[in-house]
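Coordinate analysis (summary)
Chain by chain, the residues:
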Amino acid sequence: MPERDPNGPVTVINRFDVKGDVAEFEREFRRHAQFLRRRPGFDFLVTVQLVDRPRVYVHLGHWRRLSGFLDTVHDDTFVAHVQRLGPLVHTEADQALSVGRTLKENAAVGDAAVVLISAHVHHDPAGFEKRYAALGEACAAIGGFGGSDLLRSTVRPLSYTGVHWWRGGGPPGGARPSPDCARSYNGHRLSTATDC
């Protein structure tokens with residue numbers, strides 16, 4: 001694996017399956033998220049709760065610099081947060097780079113229509129990335145579309161996490177995605193933003 005530029009960006013993806021009290025997890029994680037926002041090199045975060053599995057949360061922490069993330073994980077406050085959160089969850093972690101971001105409007109707390117797509121590409125990653133960009137264009141025709149991001153794992157380079165979001169609780173009037181957009185979402189999880 002090539003050496004990473006410590007001044008380059010990185011997205012840290014954490015998936016939390018809450019074992020105990022969801023409200024306690026959200027309280028502790030909110031405290032942790034507020035800490036991250038104050039760290040040098042931190043950019044923004046997105047945390048969603050899965051609709052079909054409400055005890056599962058996916059957190060994407062975007063860092064402007066890898067060095068900021070590495071400095072943070074060695075900070076005593078970060079370690080204390082991990083010690084408090086650890087017993088509450090089963091967790092999986094990944095690191096990724098954005099390979100295709102379209103931003104029409106920033107996502108915000110309470111935006112109810114966030115779609116996560118996980119994909120492992122066996123052949124033609126460049127073709128997959130082009131198809132994902134086309135998916136974003138098809139979904140942009142739906143009112144309230146905020147944007148999309150495609151993140152390619154640096155740990156498992158053929159694995160991707162895609163994110164699409166709509167502002168104001170989703171498409172106006174309960175509009176459904178176009179057939180092209182909906183076909184691409186078959187089998188993937190619709191998630192809702194949480195106040196973390």
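This text gives an overview of the structure that appears in the document. (Residues numbered from 1 in each chain as written. Predicted model: local features only at pLDDT ≥ 70, side-chain atom pairs only at ≥ 80, totals over all residues. Heavy atoms only, no water.)

1. Some points on the pairing of strand 6 (residues 145-153)
Convention followed: When a residue's accessible area, from a 1.4 Å probe over protein chains only, is under 20% of the maximum for its type it is buried; when over 50% it is exposed; and in between it is partly exposed. Note on conventions: DSSP H or I runs of at least 4 residues are helices, E runs of at least 2 residues are strands, and numbering of each starts at the N terminus. Paired strands, as defined in this entry, are two strands with at least two bridges between them according to DSSP.
Where burial is concerned, most of strand 6 is hidden: eight out of the nine residues are buried. Judged from the seven bridges that link them, strand 6 and strand 7 (residues 159-166) form a sheet pairing that is antiparallel. Counted as the bridge partner of aspartate 149 is valine 163 from strand 7. The hairpin formed by strand 6 and strand 7 contains five residues between the paired strands.

2. Re the packing of helix 1 (residues 22-37) against helix 3 (residues 76-85)
As a reminder, the rule being used: Here an axis means a line fitted to C-alpha atoms, over the contact stretch when the element is a helix, while the angle between two N-to-C directions is reported on a 0 to 180 degree scale. By definition in this entry, angles of less than 35 degrees are roughly parallel, angles greater than 145 are roughly antiparallel, angles of 65 to 115 are roughly perpendicular, and the rest are oblique. Here is the rule for handedness: rotate from the far helix to the near one, and if that takes an anticlockwise turn smaller than a right angle the crossing is left-handed, while a clockwise turn gives right-handed. Two residues form a contact once any of their heavy atoms are found within 4.5 Å. We call Asp, Glu, Lys and Arg charged. Ala, Val, Leu, Ile, Met, Phe, Trp, Tyr, Cys and Pro are nonpolar, and the rest, Gly among them, are polar.
Put simply, helix 1 and helix 3 touch, their axes get as near as 10 Å, and they point 165° apart. Here helix 3 runs roughly antiparallel to helix 1, going by the angle between their axes. Regarding helix 1 and helix 3, the two cross each other, and that crossing is left-handed. Contacts between helix 1 and helix 3 pair Phe25, Glu28, Phe29, Arg31, His32, Phe35 and Leu36 from the former with Thr77, Phe78, His81, Arg84 and Leu85 from the latter. Here the contact of helix 1 with helix 3 is built from residues that sort into six nonpolar, three polar and three charged.

3. Structural notes on the pattern of salt bridges
Think of it this way: side chains of opposite charge can pair up when their charged atoms draw near. Rules: Definition used for salt bridges: Asp or Glu carboxyl oxygen within 4 Å of a side-chain nitrogen of Lys or Arg.
Taken as a whole and judged by the stated rule, the model has seven salt bridges. For glutamate 28, the salt bridge identified is with arginine 31, shortest N-O distance 3.0 Å. You can see glutamate 28 and its partner arginine 31 sitting in helix 1, three residues apart, about one turn around the helix. The salt bridge involving aspartate 75 is made with arginine 39; its shortest N-O contact spans 3.4 Å. Residue aspartate 75 is located in the loop between helix 2 (66-73) and helix 3, and its partner arginine 39 is located in the loop between helix 1 and strand 2 (42-50); the two are separated by 36 residues in the primary sequence.

4. Considerations on the packing of aromatic side chains
Ring pairs (aromatic) are described by centroid distance and by the angle formed between their planes. The condition is simple: Stacked, tilted and edge-to-face are the three classes assigned to paired rings of Phe, Tyr and Trp, where Trp is represented by its six-membered ring and a pair needs centres within 6.5 Å; plane angles under 30 degrees give stacked, over 60 edge-to-face, the rest tilted.
Using the criterion set out here, one finds eight aromatic pairs in the structure. Their ring planes at 85° and their centres at 4.9 Å tell us that phenylalanine 42 and tryptophan 63 sit as a pair that is edge-to-face. Remark: tryptophan 63 occurs in strand 3 (residues 56-63) and phenylalanine 42 occurs in strand 2; sequence separation between them is 21 residues. Each member of the pair, phenylalanine 42 as well as tryptophan 63, carries the same accessibility label: buried. Among the aromatic residues, ring-to-ring pairing joins Phe16, Phe25, Phe29 and Tyr57 into one connected group.

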